[in-house]
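Single-letter residue listing:
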Amino acid sequence: MVGVGISRAGATWEGDVNLRGTFRGKAELLSGGSLSTEPERSRGDEWSAEAALRHALRKDISLSASVRGLIVSKNGYPEGDPRYNGSKEKVALSVGCDRMFPSGMSAGVALKGFVMTEEGQRVPQFHEERTSRGIALAFRIGFN
């Protein structure tokens, strides 16, 4: 796994950009009391990227937004093999607002959504190519 990121901050804002890669080789499997290397990679490599920005409207109220991306490459098995897993791509967006109270308590709300496209796979659960979408409204309360 390798990653790089940068963070910057001003008087009323801060931002982050991160990039990570996970590179997988062939796994070793226990077979008959000894380890043997699988013939192909059962899991594909991954790349993920994120950009986030936070802005303080006032000392006690801040807004935030982020975008995240994920790419997982297909595994090493050929299409049609029972162990084949295709690639997937995902994009997620989030916007939110946080409030700090004089008592030290904080509260926040965020709206999050994503779109993910997956090629067909056979393991661990069979499915054809599909596109998933999701949306969530999240609430947070914290105490210091």
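Our structure is the block above this text.
Bear in mind the structure is a predicted one, so any value in this text is a computation, not a measurement. (Residues numbered from 1 in each chain as written. Predicted model: local features only at pLDDT ≥ 70, side-chain atom pairs only at ≥ 80, totals over all residues. Heavy atoms only, no water.)

(A) Main features of the pairing of strand β7 (residues 88–100). Here twelve bridges tie strand β6 (residues 61–72) to β7, and the two strands are oriented antiparallel to one another. Bridge pairing in β7 places leucine 70 opposite lysine 90. In terms of strand pairing, β7 meets strand β8 (residues 106–118) through 13 bridges, oriented antiparallel. By the bridge assignment for β8, lysine 88 is matched with glutamate 118. Between β7 and β8, which pair antiparallel and follow one another directly, the connecting turn spans five residues, one of which, glycine 104, has a positive phi of 100°. (Pairing = 2+ DSSP bridges. Helix = DSSP H or I, 4+ residues; strand = E, 2+ residues; numbered from the N terminus.)

(B) Spotlight on the packing of aromatic side chains. Applying the stated criterion across every chain yields a total of one aromatic pair. Look at phenylalanine 23 and tryptophan 47: their rings are 5.3 Å apart centre to centre, the planes differ by 80°, and that puts the pair in the edge-to-face class. Within this pair, whereas phenylalanine 23 is found in the loop between β2 (13–22) and β3 (28–31), its partner tryptophan 47 is found in strand β5 (residues 46–56), the two being separated by 24 residues in sequence. With relative accessibility at 43%, the residue phenylalanine 23 sits in the partly exposed group. Just above the ring of phenylalanine 114 sits the side chain of lysine 90; from NZ or CZ to the centre is 4.8 Å. (Phe/Tyr/Trp six-rings, centres within 6.5 Å; stacked < 30°, edge-to-face > 60°. Buried < 20%, exposed > 50% of the residue type's maximum accessible area, 1.4 Å probe, protein only. Lys NZ or Arg CZ within 6 Å of the ring centre and 35° of its normal.)

(C) Region of the structure containing the sheet that holds strand β9 (residues 130–142). On the basis of which strands lie adjacent, the open sheet formed by seven strands has the order β1-β2-β5-β6-β7-β8-β9 and antiparallel pairing. In this open sheet, the two edge strands, each paired with only one partner strand, are β1 (2–9) and β9. Sheet twist, expressed as the average angle between the axes of neighbouring strands with direction ignored, equals 10°. (Axes fitted to C-alpha atoms, helices over the stretch in contact; angles between N-to-C directions.)

(D) Geometry of the side chain of glutamate 118. Note that glutamate 118 resides in strand β8. Look at glutamate 118 and you get buried, because its relative accessible area is 5%. Sequence-distant contacts of glutamate 118, that is, excluding residues within four places in its chain, are made with Ser87, Lys88, His127, Glu128, Glu129, Arg130 and Ser132. (Contact = heavy atoms within 4.5 Å.)

(E) Summary view of the pattern of salt bridges. What the rule picks out here adds up to eleven salt bridges. Ionic pairing is found between arginine 24 and glutamate 46, a salt bridge with its closest N-O pair at 3.0 Å. Of this pair, arginine 24 sits in the loop between β2 and β3 while glutamate 46 sits in strand β5, placing them 22 residues apart in sequence. Of the charged contacts, one joins glutamate 50 and arginine 68 as a salt bridge, the two residues approaching to 3.0 Å between their closest N and O atoms. Of this pair, glutamate 50 sits in strand β5 while arginine 68 sits in strand β6, placing them 18 residues apart in sequence. (Salt bridge = Lys/Arg side-chain N within 4 Å of Asp/Glu carboxyl O.)

(F) Spatial organisation of the environment of lysine 59. Mapped onto the fold, lysine 59 is located in the loop between β5 and β6. A residue is classified by how much of its surface remains accessible, and lysine 59, at 88% relative accessible area, is exposed. When the C-alpha atoms of lysine 59 and methionine 105 are compared, they prove to be 14 Å apart, with 46 residues separating the residues in sequence.

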